[in-house]
Amino acid sequence: MTTTTVQNAAKGQRKAMELLYEANKMKVYYVSLCLTGEAAYAIEATYQSFKNVWSGISAHGITSEDEFTHLAVRKAVEWCKRKISKTNCRICPEFNTVR
């Protein structure tokens, strides 16, 4: 049985983590940028997303690269939602009155 990149990353192998990061960083960044409308927020969301994924990759039961991608994007969306709820949203100002 061969060990997958995700399994190696879960074991803390730096090269596997780098491969997963490189394969997913732009997806996570662009989703974050679309949601926040600000590059600085998108960078922070990307950072926080991967930080959360690395800290609990084993606990999340991730076994494939697709699952890893889904989790990384989901974590970024969660971060963006929290950020948007705390600040005035310039992209969708109607959101500011819905709170």
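Look above for the structure.
K.L.:
Go over the environment of alanine 23, please, and point to the residues and values.
P.N.:
The topology assignment puts alanine 23 in helix 2 (residues 14-36). Note: C-alpha distance between alanine 23 and glutamate 65 (42 residues apart in sequence) is 9.3 Å.

K.L.:
Any details on the nonpolar core? Residues and values, ideally.
P.N.:
Formed by 13 residues in total, the largest nonpolar core has its most connected members in Val6, Ile57, Ile62 and Phe68. Examining the composition of this core, we find that four residues originate from one element, helix 4 (residues 65-86), more than from any other. Among residues more than four places away in sequence, those in contact with isoleucine 62 are Val6, Ile57, Glu67, Phe68 and Leu71.

K.L.:
Got a sec to walk through the side chain of serine 49? Specific residues and values, please.
P.N.:
Looking at the element boundaries, serine 49 is found in helix 3 (residues 39-55). Look past the residues within four positions of serine 49 in its chain and what remains in contact with it is Val28, Ala72, Lys75 and Ala76.

K.L.:
Got a sec to walk through helix 4? Specific residues and values, please.
P.N.:
With 22 residues, helix 4 extends 32 Å from end C-alpha to end C-alpha; this agrees with the ideal 32 Å at 1.5 Å per step. For helix 4, every residue scored as buried is listed here: Phe68, Thr69, Leu71, Ala72, Lys75, Ala76, Trp79, Cys80 and Ile84.

K.L.:
I'd like a rundown of the packing of helix 2 against helix 4, residues and numbers included.
P.N.:
As a packed pair, helix 2 and helix 4 sit with axes 9 Å apart at the nearest point and diverge in direction by 30 degrees. Put simply, helix 2 runs roughly parallel to helix 4. Two packed elements cross with a definite hand, and for helix 2 against helix 4 that hand is right-handed. Packed against helix 2, whose contacting residues are Leu20, Asn24, Lys27, Val28, Val31, Ser32, Leu35 and Thr36, the element helix 4 presents Glu65, Phe68, Thr69, Ala72, Val73, Ala76, Val77, Cys80 and Ile84 at the interface. Classifying every residue of the contact of helix 2 with helix 4 by side-chain character gives eleven nonpolar, four polar and two charged.

Procedures and definitions
- Residues numbered from 1 in each chain as written.
- Predicted model: local features only at pLDDT ≥ 70, side-chain atom pairs only at ≥ 80, totals over all residues.
- Heavy atoms only, no water.
- Helix = DSSP H or I, 4+ residues; strand = E, 2+ residues; numbered from the N terminus.
- Core = buried A, V, L, I, M, F, W, Y, C linked by side-chain atoms within 4.5 Å.
- Buried < 20%, exposed > 50% of the residue type's maximum accessible area, 1.4 Å probe, protein only.
- Contact = heavy atoms within 4.5 Å.
- Expected span 1.5 Å × (residues − 1).
- Axes fitted to C-alpha atoms, helices over the stretch in contact; angles between N-to-C directions.
- Parallel < 35°, antiparallel > 145°, perpendicular 65-115°, else oblique.
- Left-handed = near helix turned anticlockwise from the far one by under 90°.
- Nonpolar A, V, L, I, M, F, W, Y, C, P; charged D, E, K, R; others polar.

Shape is all these values report; function is a separate question.
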